[in-house]
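Letter by letter, the chains look like this.
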Amino acid sequence: MSAGNTQQGPAARQSAMAEQVLADGSATAAELAERFGVSLMTIHRDLDELERQGIVRKFRGGVTAQPSGVFESNVQYRLKTMRAEKAAVADHALRLVEPGMAIMLDDSTSTLEIARRLRLGEITPLTVVTNFLEALNLLSDQRGIHLMALGGDYDPLHSSFLGVSCVEAVQSLRVDVCFASTSAVHGGYAYHQEQHIVSVKRAMLDSAARNVLLIDHTKLSRTALHRVAPLSRFDLVLVDDGAPADALRDLDEHKVRYEVCATNATRGGDDPAGAT
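Residues numbered from 1 in each chain as written. Predicted model: local features only at pLDDT ≥ 70, side-chain atom pairs only at ≥ 80, totals over all residues. Heavy atoms only, no water.

Some remarks on the sheet that holds strand E1 (residues 26-28)
Stage number 1. One open sheet holds the three strands; their spatial order is E1-E3-E2, and the pairing between them is antiparallel. The sheet is open, and its two borders are formed by E1 and strand E2 (57-59), each paired with just one other strand. Ignoring strand direction, the axes of neighbouring strands in this sheet form an average angle of 20°.
Stage number 2. On top of the sheet, helix H4 (residues 40-52) reaches E2 and strand E3 (62-64); it is set at about 135° to E2, its chief contact. (Pairing = 2+ DSSP bridges. Helix = DSSP H or I, 4+ residues; strand = E, 2+ residues; numbered from the N terminus. Axes fitted to C-alpha atoms, helices over the stretch in contact; angles between N-to-C directions. Contact = heavy atoms within 4.5 Å.)

Quick look at the side chain of Glu194
Stage number 1. Within the fold, Glu194 resides in the loop between strand E11 (189-192) and helix H10 (195-206).
Stage number 2. Glu194 gets classed as buried once you look at its relative accessible area, which sits at 17%.
Stage number 3. Side-chain polar atoms of Glu194 contact the side chain of His158, separated by 3.0 Å. (Buried < 20%, exposed > 50% of the residue type's maximum accessible area, 1.4 Å probe, protein only. Polar contact = N/O pair within 3.5 Å; in protein donor to acceptor, adjacent residues only side chain to side chain.)

A look at the environment of Val212
Stage number 1. By secondary structure assignment, the location of Val212 is in strand E12 (residues 208-215).
Stage number 2. What makes Val212 buried here is its relative accessible area of 0%.
Stage number 3. Sequence separation between Val212 and Phe179 is 33 residues; the distance between their C-alpha atoms is 5.0 Å.
Stage number 4. Excluding residues within four positions of it along the chain, Val212 makes contact with Leu96, Val177, Cys178, Phe179, Ala180, Phe234, Leu236 and Leu238.

See below:
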């Protein structure tokens, strides 16, 4: 630990601490105290503040950026996880997009992979509707794409626009396909941790002629606090080929139409935990 780091103010130290935890996924309080050259008491005060901001969640002896049944990971963490799996599912989803369509993308990093592919400009003209700032920035200068931003209250932890005004904006539209993701899938239902996210996702599903759910295999056989919708609301579920057989049997038992997307061409040492 350098002397310079010990002179950091609380805000700078907390920012550096958040960056480390988001990169590593988790850390113990003792590790952070040694890394930043401060007392455990100071570290716990810093972690309390980061938890208050919703960036991380504390557990006994440490802190994590990984999701739980009531905690949705910060978008900066989600951008780094399960990249090959999300890419494979997005490649598959792109086959459902045709020139002239209007499509809606939710604020998930899974659907962001669709936006990355649309940026290549091979499917135009196209109307893209989204509340995800990451996708808006990605497509803002793309010729041939009519980009529609869904307004609302900006949530920096999700890098998206949410709230009542966003729901009302969604309800005023009708698109051909909505591509969405969620945090957990089990027993014939899709789940998410946060109620204000759920309300926007439900409005999106209501606004589309077809709905497609994109998930990586780590979301199967998991639940979260809020039910988003029954899987019957989706015309198709796309999941990568890391899905275990028992989880796929659960989809079969609930008569869910799904397709498994091969990651052989794109797999390469990604993080072990998935997020939306």
